[in-house]
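Summary of the model geometry
Below, each chain spelled out in residue letters.
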Amino acid sequence: MKRKLVALMALLASLSLAQTPTNTDSHTVTVNIPSVLRLTLDAEDYLFDFDDASASGTVTIGGTPYTKASQAAYYAFLDTASGTQDFAPTALTGTGGADYGTVTVRTNRAQWTVKIDSISGTLTLGNGRVKVFAEKVSGKGTSSTSTPTSITAASPLTLFSASSNGQGRSVYKLYYLFTMDINDDIPLSGINQQITVNLLLTSP
């Protein structure tokens, strides 16, 4: 009987200890941060229409005014030119009436580069006739095009980049020009062609 009583007391003691709250516990803290490297351009098409009878005006790029491509501007070019002349687009699609495209870079990377990665298609007068100019509006990085530069000047062609502290939102204006040459021999059927310029945002 005495042994049974001792065993019962031991059992009750062990149960009491098991139910006594402890003063420690643990949990986890989880942090999930994605790598953000995002590029957007609102412009869908830069149109150079030298047969547009209604277009007029100029676009200032890098402090220099350029005449918009139009029928009147092209006739004036034929009447007076002796060499080449750069023209601004007649109109742009997707920009809400602006004469430039808006490129937005959003990233949490310190270093990044925006470049023309490839060009699809070929113009009869040569893709080198198309020039590009990137102008910084806000944010990080610097433009690599101090003057309008042929899109075939390099492959790939760097437009703008950040070498450090590039995190955040950066906005650049993207302009295009087209060079006409008085010695161009345009076919009787005219020229109506299109190329696709592919931009790429990269980070090391």
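These notes cover the structure that comes with them. (Residues numbered from 1 in each chain as written. Predicted model: local features only at pLDDT ≥ 70, side-chain atom pairs only at ≥ 80, totals over all residues. Heavy atoms only, no water.)

Secondary structure summary: the protein chain contains 2 helices and 14 strands in total. Here the protein chain, with 204 residues, has 29% of them falling under the buried criterion. Nonlocal contacts in the protein chain, meaning residues at least 24 apart in sequence, comprise 75% of its contacts between residues at least 6 apart. For the protein chain, the accessible surface area stands at approximately 12,600 Å², while carbon and sulfur atoms represent 50% of it. (Helix = DSSP H or I, 4+ residues; strand = E, 2+ residues; numbered from the N terminus. Buried < 20%, exposed > 50% of the residue type's maximum accessible area, 1.4 Å probe, protein only. Contact = heavy atoms within 4.5 Å. Areas by Shrake-Rupley, 256 points an atom, 1.4 Å probe, with all protein chains shown as cover.)

Structurally, Lys-115 is set in strand β8 (residues 112-120). Comment: no salt bridge for buried Lys-115; closest opposite-charge side chain is Asp-117, at 5.0 Å. Ignoring sequence-local partners within four residues, the contact set of Lys-115 consists of Pro-156, Leu-157, Thr-158, Leu-159, Asn-198, Leu-199, Leu-200 and Thr-202. (Lys, Arg positive; Asp, Glu negative; His and termini not counted. Salt bridge = Lys/Arg side-chain N within 4 Å of Asp/Glu carboxyl O.)

The geometry of two aromatic rings is summed up by the distance between their centres and the angle between their planes. Per the stated rule, a full pass over the model turns up 11 aromatic pairs. When the centroid spacing of 6.4 Å and the interplanar angle of 55° are considered together, the rings of Phe-50 and Phe-178 count as tilted. Of the two residues, Phe-50 sits in the loop between β2 (45-47) and β3 (58-61) while Phe-178 sits in strand β13 (residues 168-181), which places them 128 residues apart along the sequence. Overall, Phe-50 belongs to the buried group, its relative accessible area being 17%. For the ring pair Tyr-100 and Tyr-175, a centre distance of 5.6 Å and an interplane angle of 55° mean the geometry is tilted. Of this pair, Tyr-100 sits in the loop between β6 (91-93) and β7 (101-107) while Tyr-175 sits in strand β13, placing them 75 residues apart in sequence. For Tyr-100, a relative accessible area of 23% corresponds to the partly exposed category. In this structure an aromatic cluster arises from ring pairing among Phe-48, Phe-50, Tyr-74, Phe-77, Phe-87 and Phe-178. (Phe/Tyr/Trp six-rings, centres within 6.5 Å; stacked < 30°, edge-to-face > 60°.)

Taken as a whole, this structure holds 3 salt bridges when the rule is applied. With a closest N to O distance of 3.0 Å, Lys-131 and Asp-86 form a salt bridge. On the criterion of sequence distance, the pair formed by Lys-131 in strand β9 (residues 130-138) and Asp-86 in strand β5 (residues 84-87) is long-range, its members being 45 residues apart. Accessibility expressed as a relative area gives 17% for Asp-86, which makes it buried. Of the charged contacts, one joins Asp-184 and Arg-129 as a salt bridge, the two residues approaching to 2.6 Å between their closest N and O atoms. One end of the pair, Asp-184, is in the loop between β13 and β14 (196-202); the other, Arg-129, is in the loop between β8 and β9, with 55 residues separating them in the sequence. On the accessibility criterion, Asp-184 (16% relative accessible area) is buried. Of the residues examined, Arg-129 reaches a relative accessible area of 16% and is grouped as buried.

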